[in-house]
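In case you want the letters, here they are:
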Amino acid sequence: MNSKIWLSSPHMGGKEQQYVNEAFAENWIAPLGPNVDGFEMDLAAYTGSGHAAALSSGTAALHLSLVMLGVQAGDEVICQSFTFSASANPIAYQGAVPVFVDSESETWNMCPETLKRAIDDRLAKGKKPKAIIPVHLYGMPAQMERISAIAAEYGIPVIEDAAEALGSSINGRAAGTFGKLGVLSFNGNKIITTSGGGALISTDEALIKRARFLATQARDAAPHYQHSNIGYNYRMSNICAGIGRGQMQVLDQHIANRRRNFDFYKGVFSEVDAISFVDEMKGYRSNRWLTTILIDPKKSNNKTREHVRMALEADNIESRPLWKPMHLQPIFADAPYYGDGTSERLFELGLCLPSGSNLREDDLNRIASIVTSALR
Ligand SMILES: *Cc1c(COP(=O)(O)O)cnc(C)c1O
């Protein structure tokens, strides 16, 4: 059997262990400590948000965002349909209703026109959405200038799901810093990992302080345990944050490697008619967390993305269909949806190729030759 190639595997830089060792040496084995503080400062500086709260997961960061924006049972929250379920699940945690909005074909993210149509229709039906959750899928920034303008026009706060987009930007401004709150994830397959973890970023210091308060069981200032709010246990551990501090030192290298993967695939498949890519709009920079391709069966003798996926699997190479849109998921079958089929088409035709920052040249060549021959 050929050696396994993963879609996106953890890639340590070298300093992670040192920060973890320091935590052991100083007995900071807790969901607070110098690594948590240091990691938060790194994230705030890197993104330019100014403020960050390190949390147990990206999902927790999304949940806390909704809590802080006052989303309650029966409220409606607009969410990009083309995403991972973690973008939408926290809406359900609050007993609120997700309203799914389709993607446009330039960035594959929330379509501004459809967003506006959805808001107008919800208002006509008597309910104003409490928040808007666009996603920077696969690292490609959503059209945040247009989405922000619509959100401002209606006075609806934006929570940016930048879980896949640390290091992505629009005209130099980091993904995650356009909305009221930005969500990051450091799960095992993300561009940097803390084994598991997430963060909230914001230019609003009060919101970040509030997030830290709610994430540590909402303890009031008192010598005994006193509570005026429902709290959560959502803080990041000082051990995990140590891994994060080490990973921040290699983040730019990871982005360079993942962009190199994209350039390699784009170059090697330039002669393959059936394969297309999503390019960056002017001023947009994607971290290219995952390289994604569309495979048009009409140009490949009816070979589909499943042919390619199975050919890769037979060679011990992991690839994956694009996210199945939320409005097609059984659990969200009853949720309102606004769209024109764009994300359904992407799901049908799309495949994520192995994209780790630790892929070697011979790995990339092996992947490319299998994809090419599967489509012949
Ligand atoms: C990974 C991810 C999340 C959730 O992050 P976790 O840290 O795994 O909880 C949310 N949204 C998107 C788009 C993601 O890819």
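Residues numbered from 1 in each chain as written. Predicted model: local features only at pLDDT ≥ 70, side-chain atom pairs only at ≥ 80, totals over all residues. Heavy atoms only, no water.

Undergrad: So what exactly am I meant to see when it comes to the sheet that holds strand S9 (residues 198–202) here?
TA: Whether parallel or antiparallel, the strands of a sheet pair through hydrogen bonds between backbone atoms. Strand order in the open sheet formed by 4 strands is S1-S9-S8-S5, with mixed pairing between adjacent strands. Edge positions in the open sheet fall to strand S1 (51–55) and strand S5 (159–161), since each of these has one partner strand only. Strand-to-strand twist across the sheet, computed as the mean angle between neighbouring axes with direction ignored, equals 20 degrees. Here strand S8 (residues 181–185) runs beside S9; their pairing, made up of 4 bridges, is antiparallel. Bridge pairing links Val183 to Leu200 in S9. Here helix H3 (residues 58–68) sits on the sheet and contacts S1, S5, S8 and S9; the angle it forms with S8, its principal contact strand, is near 160 degrees. Taken strand by strand, helix H7 (residues 205–215) contacts S1, S8 and S9, and its axis lies near 15 degrees from that of S1. (Pairing = 2+ DSSP bridges. Helix = DSSP H or I, 4+ residues; strand = E, 2+ residues; numbered from the N terminus. Axes fitted to C-alpha atoms, helices over the stretch in contact; angles between N-to-C directions. Contact = heavy atoms within 4.5 Å.)

Undergrad: Got a minute to help me understand helix H1 (residues 16–25) in this structure?
TA: Spacing of three or four residues puts side chains on the same side of an α-helix, whose turn is 3.6 residues. Along H1, the residues that are buried comprise Glu16, Tyr19, Val20 and Ala23. The arc enclosing the buried residues of H1, seen along the axis, measures out at 100 degrees, which places them on a common side. Projecting away from the buried face of H1 at angles above 90 degrees are the exposed residues Gln17, Phe24 and Ala25. If you follow the buried residues of H1, they end up packed against helix H2 (34–47) and helix H8 (238–248). Once H1 finishes, Asn27 follows within two positions and takes phi at roughly 60 degrees, a positive value. (Buried < 20%, exposed > 50% of the residue type's maximum accessible area, 1.4 Å probe, protein only. Arc of directions from axis to C-beta.)

Undergrad: Looking at this structure, I do not really get the pattern of salt bridges. What am I missing?
TA: It is possible for side chains of opposite charge to pair when their charged atoms get near one another. Within the structure shown, the criterion is met by 17 salt bridges. Among the ionic pairs, Glu40 bridges to Arg212, the shortest N-O distance being 3.2 Å. Taken together, the positions of Glu40 in helix H2 and Arg212 in helix H7 put the pair 172 residues apart, joining distant regions of the chain. The class for Glu40 is buried, based on a relative accessible area of 5%. On the accessibility criterion, Arg212 (26% relative accessible area) is partly exposed. Here Glu205 makes a salt bridge to Lys209, at a shortest N to O gap of 3.6 Å. On the criterion of helical spacing, the pair formed by Glu205 and Lys209 is a turn pair, its members being 4 residues apart in helix H7. In this structure Glu205 comes out as partly exposed when scored by relative accessible area, which is 39%. A single network of salt bridges, built from pairs that share partners, joins Arg305, Glu306, Arg309 and Glu313. (Salt bridge = Lys/Arg side-chain N within 4 Å of Asp/Glu carboxyl O.)

Undergrad: Which parts of the structure should I look at to understand the state of the cysteines?
TA: Here is the idea: a disulfide is a covalent bond, and it sits between the sulfur atoms of two cysteines. In this structure the tally under the stated criterion is 0 disulfides. Considering cysteine sulfurs only, Cys79 is the nearest to Cys352, which forms no disulfide, with 18 Å between them. Overall, Cys352 belongs to the buried group, its relative accessible area being 2%. (Disulfide = S-S within 2.5 Å.)

Undergrad: In this structure, what is going on with the site of the ligand? I would like to understand it.
TA: The ligand sits among 15 residues. The nearest are Thr59, Asp161, Glu164, Ser185 and Lys190. The side chain of Glu164 places a nitrogen or oxygen atom 2.6 Å from an oxygen atom of the ligand. One of the side-chain N or O atoms of Asn187 is found 2.8 Å from an oxygen atom in the ligand. Contact with the protein chains hides 95% of the accessible area of the ligand, taken as 380 Å² for the molecule alone. For the shell around the ligand, the residue count by class is 4 nonpolar, 8 polar and 3 charged. (Near = heavy atom within 4 Å. Polar contact = N/O pair within 3.5 Å; in protein donor to acceptor, adjacent residues only side chain to side chain. Areas by Shrake-Rupley, 256 points an atom, 1.4 Å probe, with all protein chains shown as cover. Nonpolar A, V, L, I, M, F, W, Y, C, P; charged D, E, K, R; others polar.)

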